[in-house]
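Given next are the chains, with one letter for each unit.
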Amino acid sequence: MKEISAGGVVYRMFEGYRQLLLIQDRYGKITLPKGKMERGETVSQTALREISEETGITGRIVKPLEVIKYQYQLPQMGLVHKEVHYFLVEAVGGRLQPQVEEVRGVEWLEATEAWHRQKKSGYANNESVMLKALKELGYQMEG
């Protein structure tokens, strides 16, 4: 079975600083907003919908960042081939509001602080995505 998801690294300018939007998932890990594609959607539409649903923020896609592929096992379905499409997304509106059914919290962090949180409490497969986003935004971080 193949499963496709999409999401993004969302950024904004706030008081002269670039900030990134991070979520804390239901397992307490730092991650990026993402979710499963619905019938009839493109991956970019999925990314913007999921960002809005999980965080309350609306955005516009700046550019694709990376596609991450991995596999996991489901007892009732067997092996699932997962593909996650990530985009760099500029926040254009909305109000920060976590989707309590799926995430514990949502917050804006200055870009370098967001990177440190990712390194400390994030999923390893999100590091390359965040590094690419930070590079696009003019930051040079240690991998």
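Structure shown above.
In short, a report on the structure.

The rules behind the values
- Residues numbered from 1 in each chain as written.
- Predicted model: local features only at pLDDT ≥ 70, side-chain atom pairs only at ≥ 80, totals over all residues.
- Heavy atoms only, no water.
- Core = buried A, V, L, I, M, F, W, Y, C linked by side-chain atoms within 4.5 Å.
- Buried < 20%, exposed > 50% of the residue type's maximum accessible area, 1.4 Å probe, protein only.
- Contact = heavy atoms within 4.5 Å.
- Helix = DSSP H or I, 4+ residues; strand = E, 2+ residues; numbered from the N terminus.
- Polar contact = N/O pair within 3.5 Å; in protein donor to acceptor, adjacent residues only side chain to side chain.
- Salt bridge = Lys/Arg side-chain N within 4 Å of Asp/Glu carboxyl O.
- 1 Å grid on protein atoms, 1.4 Å probe; cavity = no way out; pocket = protein on both sides within 12 Å on 5 of 7 lines; lining within 4 Å.
- Points joined across faces, edges and corners; volume = space filled by probe spheres on them.
- Nonpolar A, V, L, I, M, F, W, Y, C, P; charged D, E, K, R; others polar.
- Pairing = 2+ DSSP bridges.
- Phe/Tyr/Trp six-rings, centres within 6.5 Å; stacked < 30°, edge-to-face > 60°.
- Lys NZ or Arg CZ within 6 Å of the ring centre and 35° of its normal.
- Axes fitted to C-alpha atoms, helices over the stretch in contact; angles between N-to-C directions.
- Parallel < 35°, antiparallel > 145°, perpendicular 65-115°, else oblique.

1. Observations concerning the nonpolar core
Residues V9, L20, L22, L32, V129, M130 and L134 are the most contacted members of the largest nonpolar core, which totals 22 residues. Aside from chain neighbours lying at most four places away, what touches L134 is L20, A111, W115, Y139 and M141.

2. Concerning the side chain of T31
Among the secondary structure elements, T31 is positioned in strand 3 (residues 30-31). One polar contact links T31 to N126, side chain to side chain, over a distance of 3.0 Å.

3. Side note on the pattern of salt bridges
Under the definition given, this model contains 14 salt bridges. Among the salt bridges present, the one from E107 reaches R117, with a minimum N-O distance of 2.7 Å. Separated by 10 residues along the polypeptide, E107 in strand 7 (residues 103-110) and R117 in helix 2 (residues 111-121) bring together distant segments of the chain. R117 gets classed as partly exposed once you look at its relative accessible area, which sits at 26%. Shared partners join several salt bridges into a network, and the residues in it are E38, E41, R49, E50 and E53.

4. Concerning the environment of Y70
Following the sequence through the fold, Y70 ends up in strand 5 (residues 57-74). Discounting chain neighbours no more than four positions away, the residues touching Y70 are V80, H81, K82, V84 and N125.

5. What about the layout of surface pockets?
Considered as a void within the structure, the largest pocket measures approximately 610 Å³ in volume. Lining the largest pocket are 24 residues, with D25, R26, Y27, K34 and K82 positioned closest to its centre. For the lining of the largest pocket, the secondary structure elements donating two or more residues are strand 1 (2-14), strand 2 (17-25), strand 4 (34-36), helix 1 (43-55), strand 5 and strand 6 (78-94). For the lining of the largest pocket, the per-class residue count stands at 10 nonpolar, five polar and nine charged.

6. Quick look at the side chain of Q99
With respect to the element layout, Q99 can be found in the loop between strand 6 and strand 7. For Q99, a relative accessible area of 16% gives the class buried.

7. Examining the pairing of strand 1
Where strand 1 and strand 6 come together, 10 bridges link them in parallel fashion. When the bridges of strand 6 are listed, V10 appears paired with V89. In this sheet, strand 4 lies alongside strand 1 in antiparallel orientation, the contact comprising three bridges. Within strand 4, the position partnered with A6 by the bridge is G35. Taken together, the five bridges between strand 1 and strand 2 define a ladder with antiparallel strand orientation.

8. Considerations on the packing of aromatic side chains
Applying the stated criterion to the full structure yields one aromatic pair. Look at Y70 and Y72: their rings are 6.5 Å apart centre to centre, the planes differ by 40°, and that puts the pair in the tilted class. Looking at R12, its charged tip hangs above the ring of F14, at a distance of 4.5 Å from the centre. Over the face of the ring belonging to Y123 we find K29, whose NZ or CZ atom lies 5.2 Å from the ring centre.

9. Focus: the packing of helix 2 against helix 3 (residues 127-136)
Angle between the axes and distance between the axes are the two parameters that describe a pair of packed helices. Between helix 2 and helix 3, the shortest axis-to-axis distance is 11 Å and the interhelical angle comes to 170°. The orientation of helix 2 with respect to helix 3, classified from their angle, is roughly antiparallel. Mapping the contact onto sequence places A111, A114, W115, Q118 and K119 in helix 2 and E127, M130, L131 and L134 in helix 3. Here the contact of helix 2 with helix 3 is built from residues that sort into six nonpolar, one polar and two charged.

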